[in-house]
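Architecture and fold: a report
The chain contents come next:
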Amino acid sequence: MKIKDVTRSRQNEVKMMKMYSPKKSSEIKIYESGPTRFIHEIGDGEQLLSISCSGRSVIEKEWIPGIKEIMQLEIEDVEINIRPSGVVIISEKDESIPKTANNYH
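First, a word on scope: everything that follows refers to the structure included in this document. (Residues numbered from 1 in each chain as written. Predicted model: local features only at pLDDT ≥ 70, side-chain atom pairs only at ≥ 80, totals over all residues. Heavy atoms only, no water.)

1. Quick look at unusual backbone geometry
Cut-off, in case you're wondering: Working definition: helices are DSSP H or I runs of at least four residues, strands are E runs of at least two. Numbering for both runs from the N terminus. For the exposure calls, accessible area comes from a 1.4 Å probe over protein chains only, and a residue counts as buried if that area is under 20% of its type's maximum, exposed if over 50%, partly exposed in between.
Even without a glycine there, the phi angle at Asp44 is positive, about 55°. Its place among the elements puts Asp44 in the loop between strand 3 (36-43) and strand 4 (46-53). The class for Asp44 is exposed, based on a relative accessible area of 60%. Its identity is not glycine, yet Gln72 carries a phi of approximately 55°, on the positive side. The class for Gln72 is exposed, based on a relative accessible area of 65%.

2. Things to note about the pairing of strand 5 (residues 78-82)
On a regular strand, each side chain points to the face opposite its neighbour's, so the side chains alternate between the two faces of the sheet. What counts here: Pairing between two strands requires that DSSP report at least two bridges joining them.
Two strands pair when backbone bridges link them, and strand 5 and strand 6 (residues 88-92) are joined in this way by five bridges, in the antiparallel orientation. Residue Glu79 lies in a different strand from strand 6, and its bridge partner there is Ser91. Between strand 5 and strand 6, which follow one another and run antiparallel, lie five residues, and Gly86 among them has a positive phi close to 95°.

Function cannot be read off these values alone, since they describe shape.
Following this line, the structure appears as structure tokens:
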């Protein structure tokens, strides 16, 4: 899967997202791979990745490269929420949650 940074050509969308983001000083980047869009927000030491696909739900083989290539994290370092609309929201795990044997409780 080839993920392309399209942020430069999507500046109007970036401005709108920043306007509604609770993190006003965050950096927003937009990536695409075919019909799949990745919106990556970094700010206040946290990062969030929203993945959507036009006309269908996002599938696992699309969100794993987003975690590894865009967020530069491993699957065990993130929390994944799949919305009824098929949009996938990925965030870094809260470091305050105790970790035991690679499991979070």
